[in-house]
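In case you want the letters, here they are:
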Amino acid sequence: MILDLRRIFANEGASLDVEGSLDMSNVDILGGFPLKKPVKYHGSVYNKSSVVFLNLFIDFEFTAPCDRCGNNASVCHTVTIDKSLATALQRQESDTIIVVPDMRLEVDELVYSEVILNLPSKHLCREDCKGLCQKCGKNLNEGSCDCDLSEPDPRLEKLRNLLNND
Ligand SMILES: [Zn+2]
Ligand SMILES: [Zn+2]
């Protein structure tokens, strides 16, 4: 979607609602396709005191194996874009300003790059995922196992003996 913003730039107080979706299901992350559902966005472009602002909320669902237990999990994320738009940069480069020389904004392109930039670095099926048992591989979210994980590390054992030797 390309927004023609000439009317917004020309009129103080003018605003335009922005809403749409973007198919990113072909985005390949390490052999997986985590963005199965269309990415949705909504927000507005408005002119306030002759400055044009863009406020956009991007919602995407990330589906991939959990980093800890390996079960497939879908987690929703929201990216908020709060920037101003200008036809040229006045001073040095700024990441709070989007430059639109011809007053046209390529929304899909913007949404695409913002989602890629904000993909989760950690992906858990739930905040407190217990992961897998290091010994038997059982998913500990489904219950505990009978493994004894308190087996002492021989190096630590030596240290413990030294400390207890008083
Ligand atoms: Zn998990
Ligand atoms: Zn176990």
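All values derive from a computational prediction rather than experimental measurement. All residue numbers here refer to positions counted from 1 along the written sequence of the relevant chain. Starting at A for chains and at 1 for ligands, labels are handed out in the order in which the entities are written. Confidence filtering applies because this is a predicted model: local features only for residues at pLDDT of at least 70, side-chain atom pairs given and counted only at 80 or more, and all residues used for totals across whole chains, interfaces and linings.

Engineer: Which residues make up the sheet that holds strand β3 (residues 39-48), and what are the values?
Structural biologist: Read from one edge to the other, the open sheet built from five strands follows the order β2-β3-β4-β5-β6, with strand pairing classed as mixed. Strands at the two margins of the open sheet, each flanked by one partner only, are β2 (15-22) and β6 (97-99). Geometrically, the sheet is characterised by an average inter-axis angle of 30 degrees between neighbouring strands, direction not taken into account. Two strands form a pair only when DSSP identifies at least two bridges running between them. Strands here are runs of E lasting at least two residues and helices are runs of H or I lasting at least four, both read from the DSSP assignment and numbered beginning at the N terminus. Where strand β5 (residues 72-86) meets β6, three bridges bridge the pair, whose relative direction is parallel. Under this scheme, a helix contributes an axis fitted over its contacting stretch, all axes are lines through C-alpha atoms, and angles between N-to-C directions fall in the 0 to 180 degree range.

Engineer: With reference to specific residues and values, describe helix α2 (residues 107-117).
Structural biologist: Taken as a whole, α2 has its buried residues at Val-107, Leu-110, Val-111 and Val-115. Angularly, the buried residues of α2 cover 125 degrees about the axis, an arc narrow enough to put them on a single face. Of the residues in α2, the exposed ones pointing more than 90 degrees away from the buried face are Glu-109, Ser-113, Ile-116 and Leu-117. Two residues form a contact once the distance between their C-beta atoms, set from the backbone, is within 7 Å. Among the structural elements, β1 (2-4), β2, β3, β4 (51-65), β5 and β7 (104-106) are those in contact with the buried residues of α2. Exposure is read from a count of other C-beta atoms within 10 Å of each residue's own; the residue is exposed at 12 or fewer, buried at 20 or more and partly exposed in between. C-beta atoms are placed from the backbone. The directions from the helix axis to the C-beta atoms are what the arc is built from.

Engineer: Give a detailed account of the domain arrangement of the protein chain, specifying residues and quantitative values.
Structural biologist: Where the parts come together, the accessible area they lose is often given as the size of the interface. Either an automatic procedure or a domain database provided the assignment from which the domain bounds are taken. Once the domains are mapped, the protein chain shows domain 1 (2-129) and domain 2 (130-166). Taking only C-alpha atoms into account, the centre of domain 1 sits 45 Å from that of domain 2. Each side of the interface is counted separately: domain 1 has four residues, and domain 2 has five residues. Three categories are distinguished: nonpolar for Ala, Val, Leu, Ile, Met, Phe, Trp, Tyr, Cys and Pro, charged for Asp, Glu, Lys and Arg, and polar for the others, with Gly belonging to the last. Counted by class, the side of domain 1 that touches domain 2 contains two nonpolar, one polar and one charged residues.

Engineer: Residue-level account of the pairing of β4, with values.
Structural biologist: Note: β3 against β4, nine bridges, orientation antiparallel. Bridge assignment links His-42 to a residue of β4, and that residue is Phe-57. Taken together, β3 and the strand that follows it, β4, pair antiparallel across an intervening segment of two residues, in which Ser-49 is found at a positive phi of about 50 degrees. Note: β4 against β5, 14 bridges, orientation antiparallel. For Phe-57, the partnering residue across the bridge sits in β5 and is Thr-80. Counting the residues in the hairpin turn of β4 and β5 gives six residues, including Gly-70, whose phi is positive at 85 degrees.

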